[in-house]
Amino acid sequence: MMELSNSPSAQAMLSNGIVVSLLALGGLAARAVLRNELWRAAFARVLGLRRWSIVVLSLYVAVALLDSVVWVGGSMQSEDQVASFEARSVIDRLFVDTTEKGYSAPMARVEFYDKSPLLHPQRHLLGTNILGQDVLYVTLKGARVALLIGGLTSLITIPLALFFGMTAGYFGRRWDDLVFFVMSTLASMPGILLLIVLIMVLGKSTVSVCVALGVTSWVGFCRLSRGETLKLREMDYVSAARSLGVSHGKILLRHILPNLMHLVIITFVLLFSGLVLAEATLAWLGIGVDGSWGQMIAVAKDELSRDPVVWWNIVPAGAALFGLLLSVNLIGDALRDVLDPRTWGSQD
Amino acid sequence: MLAYLVRRSAYGLFVVLGVIFFLFVLFFTVASPDDIARQAVGPKAMPEVIQQWKVNHGYHLPVWPGAGHLSDNLLVDHVQRMIAMDFGKSDADGVVIWERIRQGMWPSFFLTLPMFVIGMVASILTSLFVAFFRETYLDRWVVALSVLAMSIPTLLYIIFGQFIVGTLLRWFPVSGFDADPAVILRFLTLPVLIGVVSGLGSSVRFFRTVFLEEIHRDYVRTARAKGASEMRVMFYHVLRNSLVPILTQVVMEIPFLFTGSLLLEAGFGIPGLGAATFEAISANDFSTLRAMVFLGSLMFIVGQVLTDIGYTLVDPRIRLDA
Amino acid sequence: MGIINTLHCCRVKGATWLAVIPGEPGAGSGEGPPGGICRPWVSNPRALRKDAHGPLGETWGSSPRATKQVFGFRLARDSFGPVVTSPWARAAKAVAVLLCCSQIGCSNNPYPDAHDQQKVLYLPFATPPKTLDPAISYGTADTVVTNKVFDTLLEYHYVKRPYELVPSMARTIPSAQRLQDGGVRYRFELHPDMWFEGDPCFSLSGQSAGPDGLPRRRVTAADFVFEIQRVADPLLASQVVETFARLRGFSEFRKRLDERRRDPAFARLRVEQQYRAAGEFEGARALDDHTLEITLTEAYPQILYWFAMPVTTPVPWEAAAYYTGENGRPPLTEYTVSTGPYVLTSYDKQARMVLSRNPQWWGLQHEREHLFPDVTGLPEVGDLLASVGKSLPFVDRIEYRREQESIPAFSKFLQGYYDMSGISRESFDKVVREGGLSEEMKQKGMSLSRSVEPGVYYIAFNLEDAVVGSKAGDRSRLLRQAMSLVIDVKEYLRLFANGRGVPAHSPIPPGLFGYDAAYKNPFRTPNLERARALLVEAGYPGGIDPSTKQPLHLTFDVADTTAEGQVRYMFWVNQWRKLGLNVELAATNYNQFYAKMLKGSYQIYTWGWMADYPDPENFMFLLTTKMAHSVSGGPNNANFKNAEFDALFEQMRNRDNDAERARLIKAMLAILERERPWIELFYPEDYALVHGWLKNVRTVGLSTVCTAKYYDLDAAARARARAAWNKPIYWPAWLVLAALVLSIVPAVLTYRRERS
């Protein structure tokens, strides 16, 4: 779809640029939060409730960032002469030249099936997969893919859904009917089907999978924001602003949007886990993103039936996936408990 | 109310038309009639064979309306046939699609109906149980377990379920399906169990929230003060008044009982409609695909109308003449 | 009266499991059932002695504990009066009953128990057949059914290798009769008294009923001609038209039929009437009821192999006229009217196919022709000798079950629910040790059957491409040679196929004339140094393209997007990366792959070819100019166009297997060696695991051969083995249940304490 320049240095610049801008955005958001009393209190509460989940999630984010800082260059390796011309990340370089010939068990000295001595005995913490790649390396690389899927797709989905929901709820009538019609049409098509057909159209690259996932998951939040906007529209200060002659755009940005932010945060977090799960399903159906944990699981599922069992491919991928989803779900729950007024009645 | 329902249904039909059109556009952006023919006939076929197949199946018409063939093209033909529910024959193997639906409907149904009923009952009972024991260790454990359960992809449930129950413990056949009444339970138990367990986490969380919201209301306190038993409070008062959100969830799932669960059917080799749909996608079988999606969206509209009717039955405050 | 109260009012006598309902401890509920029908359960029998009464006159114990509302399970005896049940009690009872029932019915047997002792063969199939119409069917998924129900004039000998044809429906194998005008003629003599299976379609010609009550008729030579006419029919779009175009008059018949069909009156006639009106052609004629004459325009000895394939089975015109897909009848793509040892009795191709013994099979009546072949004197036939001379088939029924995933299919095989199975990569080491069966499998009584299949897998270059193709002349040839030199197939086979496969040095597989086991292609023996030197010679030192100063970028196009496929292709990519070549894997779905092929925008791809029949011509034709994709849309996707090769091919293709033919083939291989349009990978080896109760199994490698009619089965031994291998393990269920109960008990106790 998108024709990015194929040159590795251009890719490297793009990737590093994204990392920098993400960090900058994160910094800006943190500053905005810390300024506001209420937000600061809310997040402090969440931090208190879910300390460990936040630590775990930060670990994932750190690994993903490390894997996104890339540059070209480095020495040639005997097994792979092309790699030194490609943009490789910090993680890639940590594991440079660690390829074996085939399977080997964690911390083993010999290859798994024909028992020939390994090139790097006792150096593989989680063993190697069928192509000889270190399993820890492949698992770490999956973190970036997972966060990319969840993050990028949410970044596409949420503004889109917010825009349509807010405007539909605010302006009402024809526009609302149209948006509602489009939403119903998309919602009534079986999700997986739509996903598969979309990916067939858009191709198999990471961006197209993200776009496809976004198109199939924006309806939920759109409905939510539309409902909330309908309620907010009737608020006193909004009618006051209207009577004062404030333009629609300003009302939307200044009055309605801030009151939806808590929903945005909650939805972002919960959508994230849903998307990563959806990608795992897609990987099993053969159309997932390359290098994701879902793909590792799909490839390795048959290995459970080997004798002796080859467990070190599916277990790290499954555990990493599970760890990410669990921490995100827990944080999302805590956020919802703290931020969503509808759940305040049933507080512990 | 009747006027409202009629309007709702009419609107729903519009949506279905939108779906039909959208599907056509989506499909024919990816594949052309040549591709469909090639998948059907085989890779070794010569071009004239492909052309003949297209003529036989009516795919030789131009795809989009254009000058000179405003009504004589695939789009118009497609819309006409969908409205008449004339699905024709499958592109991949020439089987009449209604036959395929008839055959595949039953395995899907045998899988999704027990899964739905058992899942619903199990999650409601568990949520009530947990709401009853709120703030005790049971509550915390169940909530933790639910979040845990939600974080495991269905994929892993299927893989490990088959491995543990089918291969290690040998309780049930690992996969397959046979409608023979002597053996059908053996094949269905494991997929139904896995379907229920994988959905239990999120359902319990949702229902628990709903029930807890109700339990803190005033009328519950009044009922207890009046001396109603705890059971009565839970089942009669809390459950009944939580029915509106529960109903939305429940009734919306009913249409999808017919279309089948894609993952479970693929993982357990159950020849239902979900599996048929997936095969239609990989085989570029446009006729089957559009029939399935059409039915799916039709069922969805039916579900929405049923939900609205259900609301009036369940909550006398809701009246549908808006 | 609420729902709960109604439930209160039901009794259960003699229950061993009961639950106590939480109820109001005293007066004031006002919602109880009228007068004394229901009583609360009494937890402590001693409490009864104290004289306590409830608001409705029930007898309650005085101790507050006796009237406590609790959740929980307790045992209670029924002797002190009617006991109350609650929904919980009934639920518990239901669960207990279910558990007991499930213990009885808990079984992983996918077949009804009643079929345990029957002589039925159970086999898995992964892909449903596309079509059962013999004129159209051309895939291995179809042959699962078609090779068993359709009988042909000739067939392959079950055991003899290299492959040998023996007569089947024909009395003898005809010899080629050279004609004056360069044509060749074959005359087949049919056996008398061969019948089609009884079927309602024969009512069209007014046949009388056979022994099963359905009308039937004899097979005549005209039925063979009818089938060949169907192959010619443009409406059916048969894929083997090219081959049969060698029959004299075949293409003209096709054109005539097409032209006359433009007349709507003609088009309304029944199919066989149309064929008759279009006129017969010399290529296929029925001289009388029992003689079929085939005339070819040129010598093509391989035509006899086609008469061993289902595409030349006799088809009755009544079936084509009756089974059109209208009037509620299935079309011929989903229905068979056949003459073979088995007939299709149940066909749900998404799930289950059943073939039953054909009691009217002509092979049962010809005592001397269709017995188990005499194999004495042939190598490795010890297990077959017991069946020599016995009447075929042995097995009464063949049941196919759909298995889309290989692991569950193999598990079921190990449990005894399938009689034969391939061996997946994951299970291989459990099954095979050092070339033979592992101990575990030997103890289960299994045997291993293996053979090299007549097929070849290869990586090919698109010779029309600018970088790797012949336009770049020597430079690209050296590049192709270098890329060929670095591919290590042995390693690939070890990782992905457990070593099952024979590394290929030429396109011709073992078992065929022209295969030389001693021939070693110098570019197929891995040599990294020499490859690097060749690259330098080609002008790509170290793999760097001097025009971009980056590693040379090539694309490897594949039509498989699954993750498992990708791992395999990455193996090849990694090998080329050792040379410094940046080969990008472009995986798309089949549509886009084919579009790329049509446009010619592909560089490297991988493919495989299984023999239609065991003759080297069937492989060499894949590299001729006439078959080039850019020329005629044929299967030569490498677009290899070499005039010298073509000339040698013309000389070699119709020759008998003599020394001159061998020389020609050697010369052709030398050209391929140099030009490297293909990197030949391996010939696949087929390993099949067979249970001890299934006998007479041999793998043939050609999917059109019916092997099932030779199999024999000991059903009693199988039933015994299944029972021994499939005892369910119950203790985890009880453990989980106990854990659940235990986890609830503290909550219950806490509740009781709190609410008192």
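If you're wondering where the values come from, they're calculated on a predicted model, not measured in any experiment.

J.: I would appreciate a short explanation of the overall build of chain C in the present structure.
T.: Helices and strands together make up the secondary structure of chain C, namely 24 helices and 29 strands. Every one of the 756 residues in chain C was classed for burial, and the buried ones make up 55%. In chain C, the proportion of contacts linking residues at least 24 apart, taken out of those at least 6 apart, comes to 70%. Here chain C has roughly 31600 Å² of accessible surface; of this, 55% comes from carbon and sulfur atoms.

J.: Teacher, can you tell me more about the nonpolar core here?
T.: Generally speaking, soluble globular proteins have nonpolar side chains that are buried together. Grouped together as the largest cluster of nonpolar side chains are 130 residues, with contacts concentrated most on C:Leu153, C:Phe188, C:Leu247 and C:Ile294. The element that contributes the greatest number of residues to this core is helix H4 (residues 221–232) of chain C, accounting for seven residues. What C:Leu247 contacts, discounting residues up to four positions off in sequence, is C:Ile228, C:Phe281, C:Gly283, C:Ala284, C:Ile294, C:Thr295, C:Leu296 and C:Ile303. Residues A:Ala168, A:Leu213, A:Val238 and B:Val41 belong to the second largest nonpolar core, which totals 84 residues.

J.: Looking at this structure, how should I read the pairing of strand E19 (residues 455–461) of chain C?
T.: Across a regular strand the side chains alternate sides, sitting on one face of the sheet and then on the other. All names here are of chain C. Burial analysis of E19 places six of its seven residues in the buried class, which makes it a mostly covered element. Note: E19 against strand E25 (residues 604–610), seven bridges, orientation antiparallel. Bridging from a neighbouring strand, Val456 pairs with Trp609 of E25. In this structure, E19 lies alongside strand E26 (residues 678–683), joined through four bridges in antiparallel fashion. Counted as the bridge partner of Ile459 is Ile679 from E26.

J.: Quick question: what am I supposed to make of the interface of chain B and chain C here?
T.: Much of the literature gives interface size as the accessible area that the parts lose upon coming together. Every contact between the two is made by 56 residues of chain B and, on the other side, 65 residues of chain C. For the pairing of chain B and chain C, the buried interface totals around 5400 Å² over both sides, and the portion due to carbon and sulfur atoms is 55%. Counting across the interface, chain B meets chain C through zero salt bridges. Counting every contact that joins chain B to chain C gives one residue pair in polar contact (both at pLDDT 80 or more). The set of elements that each furnish at least two residues to the side of chain B that touches chain C consists of helix H2 (33–41), helix H3 (47–57), helix H5 (97–132), helix H6 (137–150), helix H7 (154–168), helix H8 (184–215) and helix H10 (230–241) of chain B. Looking at the side of chain B that touches chain C, the element that brings in the most residues is H2(B), giving five residues. For the side of chain B that touches chain C, the per-class residue count stands at 29 nonpolar, 13 polar and 14 charged.

J.: Even after reading the chapter, I still don't get empty space enclosed by the protein, so can you show me in this structure?
T.: Over the atoms rolls a probe the size of a water molecule, and its path tells where empty space is left. What the rule picks out here adds up to nine cavities of 30 Å³ or more. One number sums up the size of the largest cavity: a volume of about 140 Å³. When its residues are assigned to classes, the lining of the largest cavity shows eight nonpolar, three polar and three charged.

J.: What exactly am I supposed to notice about the interface of chain C and chain A here?
T.: With 35 residues of chain C in contact, the opposing surface of chain A contributes 30 residues. Interface area for chain C against chain A, summed over the two sides, is near 2800 Å², with a carbon-plus-sulfur share of 50%. Three residues, C:Glu426, C:Arg494 and C:Arg577, lead the burial of chain C against chain A; their summed loss comes to 20% of the area buried on that side. Our count for the contact surface shared by chain C and chain A stands at three salt bridges. When contributions to the side of chain C that touches chain A are tallied by element, the ones reaching two or more residues are helix H12 (428–431), helix H15 (489–496), strand E22 (550–551) and helix H17 (563–577) of chain C.

J.: Honestly, the pattern of salt bridges in this entry has me stumped. Any pointers?
T.: Side-chain pairs of opposite charge can arise where the charged atoms are in close proximity. Evaluation of the coordinates by the stated rule reveals 56 salt bridges over all chains. A salt bridge links B:Arg221 to B:Asp218, with the shortest nitrogen-to-oxygen separation between them at 3.0 Å. Here B:Asp218 and B:Arg221 lie together in helix H9 (residues 218–226), a separation of three residues that amounts to about one turn. The exposed category is assigned to B:Arg221, whose relative accessible area is 55%. Taking the relative accessible area as the measure of exposure, B:Asp218 reaches 52% and is therefore exposed. C:Arg187 is the salt-bridge partner of C:Glu293, the closest N and O atoms lying 2.9 Å from each other. With C:Glu293 in strand E11 (residues 291–296) and C:Arg187 in strand E9 (residues 184–189), this pair connects stretches of sequence that are 106 residues apart.

J.: Quick question: what am I supposed to make of helix H10 (residues 248–285) of chain A here?
T.: Residue and element names in this part refer to chain A. Taking 1.5 Å of rise per residue, 38 residues should cover 56 Å, yet H10 covers just 45 Å from first to last C-alpha, more than 12% shy of that figure. Its maximal kink placed at Leu257, H10 deviates by approximately 50°, while the proline Pro258 follows within four residues. Remark: Gly286 follows H10 within two positions and exhibits a positive phi of approximately 100°.

J.: Any chance you could explain the sheet that holds strand E5 (residues 120–125) of chain C here in plain terms?
T.: Sheet strands line up and pair through hydrogen bonds in the backbone, either parallel or antiparallel. All names here are of chain C. An order of E5-E14-E13-E12 is seen for the four strands of this open sheet, with the pairing classed as mixed. Of all the strands in the sheet, just E5 and strand E12 (342–348) have a single pairing partner and so form its edges. Taking the axes of each pair of neighbouring strands and ignoring which way they run, one obtains an average angle of 20° across the sheet. Taken together, the six bridges between E12 and strand E13 (residues 352–357) define a ladder with antiparallel strand orientation. Counterpart to Val343 in the pairing with E13 is Ser356.

J.: Can you help me understand the sheet that holds strand E15 (residues 420–422) of chain C in this one?
T.: All names here are of chain C. What the three strands build is an open sheet, ordered E15-E27-E18; its pairing is antiparallel. Pairing within the sheet leaves two strands with one partner each, and these edge strands are E15 and strand E18 (447–452). Ignoring strand direction, the axes of neighbouring strands in this sheet form an average angle of 25°. Sheet topology note: the E18/strand E27 (residues 685–690) ladder contains six bridges and is antiparallel. Its bridge partner being in E27, Ser451 is matched across the sheet by Asp686.

J.: How should helix H8 (residues 206–233) of chain A be read in this particular structure?
T.: Side chains of residues three or four places apart in an α-helix project in the same direction, reflecting 3.6 residues per turn. For H8(A), which comprises 28 residues, the first-to-last C-alpha distance of 39 Å matches the rise-based estimate of 40 Å (1.5 Å per residue) to within 8%. Its axis deflected by about 40° at A:Ser217, H8(A) carries its strongest bend there.

J.: So what exactly am I meant to see when it comes to the pairing of strand E23 (residues 553–558) of chain C here?
T.: Residue and element names in this part refer to chain C. In terms of strand pairing, E23 meets strand E24 (residues 582–587) through six bridges, oriented parallel. In the sheet register, His553 faces E24, and the bridge partner there is Asn582. One crossover worth recording links E23 to the parallel E24 by way of H17, and it is right-handed.

Cut-offs used in this document
- Residues numbered from 1 in each chain as written.
- Chains lettered and ligands numbered in written order.
- Predicted model: local features only at pLDDT ≥ 70, side-chain atom pairs only at ≥ 80, totals over all residues.
- Heavy atoms only, no water.
- Helix = DSSP H or I, 4+ residues; strand = E, 2+ residues; numbered from the N terminus.
- Buried < 20%, exposed > 50% of the residue type's maximum accessible area, 1.4 Å probe, protein only.
- Contact = heavy atoms within 4.5 Å.
- Areas by Shrake-Rupley, 256 points an atom, 1.4 Å probe, with all protein chains shown as cover.
- Core = buried A, V, L, I, M, F, W, Y, C linked by side-chain atoms within 4.5 Å.
- Pairing = 2+ DSSP bridges.
- Buried area = accessible area lost by both parts, 1.4 Å probe.
- Salt bridge = Lys/Arg side-chain N within 4 Å of Asp/Glu carboxyl O.
- Polar contact = N/O pair within 3.5 Å; in protein donor to acceptor, adjacent residues only side chain to side chain.
- Nonpolar A, V, L, I, M, F, W, Y, C, P; charged D, E, K, R; others polar.
- 1 Å grid on protein atoms, 1.4 Å probe; cavity = no way out; pocket = protein on both sides within 12 Å on 5 of 7 lines; lining within 4 Å.
- Points joined across faces, edges and corners; volume = space filled by probe spheres on them.
- Expected span 1.5 Å × (residues − 1).
- Bend = angle between axes of the 7 residues up to and from the residue.
- Axes fitted to C-alpha atoms, helices over the stretch in contact; angles between N-to-C directions.
- Right-handed = clockwise from strand over helix to strand, strands pointing away.

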